[in-house]
Amino acid sequence: MTTEAVTGRVVHARVVDEPLDVAEHLAAVTGRATGATDVFVGTIRDHDPDAAGTVAQLEYEAHPDAEGMMAALAGQVALSTGATVAVSHRFGSLSVGDVAVVIASAAPHRREALEATRALIELIKTEVPIWKRQTDTQGRSDWVGL
């Protein structure tokens, strides 16, 4: 009997201006050695503590090096956890309900899969140069998270 060895790898790390496919991310990380798969889907919500009113849309801007930085961070997480990771973040204008980020992590055991997803989203939020401008239903906009 043969099984595939899991040593941690990044299937893809992308920053794109097109809708994200959660099922594609899940399929990309699943394999014969997978015992646990964890997924994070970040969606645009209609409220934020920093917004004066109801949020209507977010506009994400990404530095040209954002994708490379995200890939490097995903590689670090995959190496430290042994998980297989697929991650994508959108840029451009997104409406309430749109998916902004997807992370899928798979590993032989749940601890590593959960740890990989959690670690990577926290690193993306603090280290990857992607900024967002939030616009409310009254037309007011502010850059947040800078």
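Quick look at the structure, then. In this text the structure is predicted, and so the values were computed from the model without any measurement. (Residues numbered from 1 in each chain as written. Predicted model: local features only at pLDDT ≥ 70, side-chain atom pairs only at ≥ 80, totals over all residues. Heavy atoms only, no water.)

1. As for the overall build of the protein chain
Spelled out, the test is: Numbering goes from the N terminus for both helices and strands, where a helix is a DSSP run of H or I of at least four residues and a strand is a run of E of at least two. We call a residue buried when its accessible area falls under 20% of the maximum for its residue type, exposed when it is over 50%, and partly exposed in between, using a 1.4 Å probe and counting protein chains only. Whether two residues touch is decided by their heavy atoms; if any such pair falls within 4.5 Å, the residues are in contact. Using the Shrake-Rupley algorithm and a 1.4 Å probe, accessible areas are obtained, with residue cover drawn only from the displayed protein chains. In this tally, Asp and Glu contribute negative charge and Lys and Arg positive charge; neither His nor the terminal groups of the chain are included. Think of each charge as sitting on NZ of Lys, CZ of Arg, CG of Asp or CD of Glu.
Across its full length, the protein chain carries three helices and eight strands. Ordered by position in the sequence, the α and β elements of the protein chain form the string β-α-β-β-α-β-β-β-α-β-β. For the protein chain, the C-alpha atoms occupy an extent of roughly 60 × 25 × 25 Å along the three principal directions. For the protein chain, with 146 residues in total, the buried portion stands at 40%. Of the contacts made within the protein chain by residues no fewer than 6 positions apart, 74% connect residues no fewer than 24 positions apart. Entry remark: accessible area of the protein chain is about 8000 Å², with carbon and sulfur atoms responsible for 49%. Separation between the mean location of the 12 positive side-chain charges and that of the 20 negative ones in the protein chain comes to 6 Å.

2. Some details on the environment of Ala72
If you trace the backbone, Ala72 turns up in helix α2 (residues 66-81). Considering only alpha carbons, one finds Ala72 and Val10, 62 residues apart in sequence, at a separation of 9.3 Å.

3. Side note on the sheet that holds strand β6 (residues 99-107)
Within a sheet, adjacent strands bond to each other through the backbone by hydrogen bonds, running parallel or antiparallel. Using the following cut-off: Only strands joined by at least two bridges in the DSSP assignment are considered to pair. Think of each axis as a best-fit line through the C-alpha atoms, taken over the contacting stretch in the case of a helix, with angles from 0 to 180 degrees between the N-to-C directions.
Sheet architecture is open: four strands sit in the order β1-β4-β6-β2, paired in mixed fashion. Edge positions in the open sheet fall to β1 (9-16) and β2 (36-43), since each of these has one partner strand only. Within this sheet the neighbouring strands show an average axis-to-axis angle of 5 degrees, counted without direction. Across six bridges, the pairing between strand β4 (residues 84-90) and β6 is antiparallel. For Ala86, the partnering residue across the bridge sits in β6 and is Ala104. Contacts between α2 and the sheet are confined to β1 and β4, with β1 contributing the most and set at about 155 degrees to the helix. Running at roughly 150 degrees to β6, helix α3 (residues 110-127) makes contact with β2, β4 and β6 of the sheet.

4. With respect to the pattern of salt bridges
Rules: By salt bridge we mean one thing: a side-chain nitrogen of Lys or Arg within 4 Å of a carboxyl oxygen of Asp or Glu.
For the coordinates displayed, the defined rule picks out four salt bridges. A salt bridge links Arg133 to Glu59, with the nearest nitrogen and oxygen atoms 2.5 Å apart. In this pair, Arg133 is assigned in strand β7 (residues 130-136) and Glu59 in strand β3 (residues 55-62), connecting sequence segments 74 residues apart.

5. Some words on α3
Rules: One fewer than the residue count of a helix, multiplied by 1.5 Å, yields its expected span. Of all possible arcs, the one meant is that of the directions from the helix axis to the C-beta atoms.
The first and last C-alpha atoms of α3 sit 25 Å apart over 18 residues, in line with the 26 Å expected at 1.5 Å per residue. Restricting attention to buried positions, one finds in α3 the residues Ala113, Ala116, Thr117, Leu120, Ile121 and Ile124. Mapping the buried residues of α3 onto a view down its axis gives an arc of 115 degrees, with all of them on the same face. Exposed residues on α3 whose side chains face more than 90 degrees from its buried face are Arg111, Arg118, Lys125 and Thr126. Residues of α3 that are buried sit in contact with β2, α2, β4 and β6.

6. A closer look at the sheet that holds β3
One open sheet holds the four strands; their spatial order is β5-β3-β7-β8, and the pairing between them is antiparallel. A single partner strand is all that each edge strand has here, and the edge strands are β5 (92-95) and β8 (141-144). If you compare each strand with its neighbour and ignore which way they point, the axes differ by 25 degrees on average. Judged from the four bridges that link them, β3 and β5 form a sheet pairing that is antiparallel. Within β5, the position partnered with Glu59 by the bridge is Ser93.

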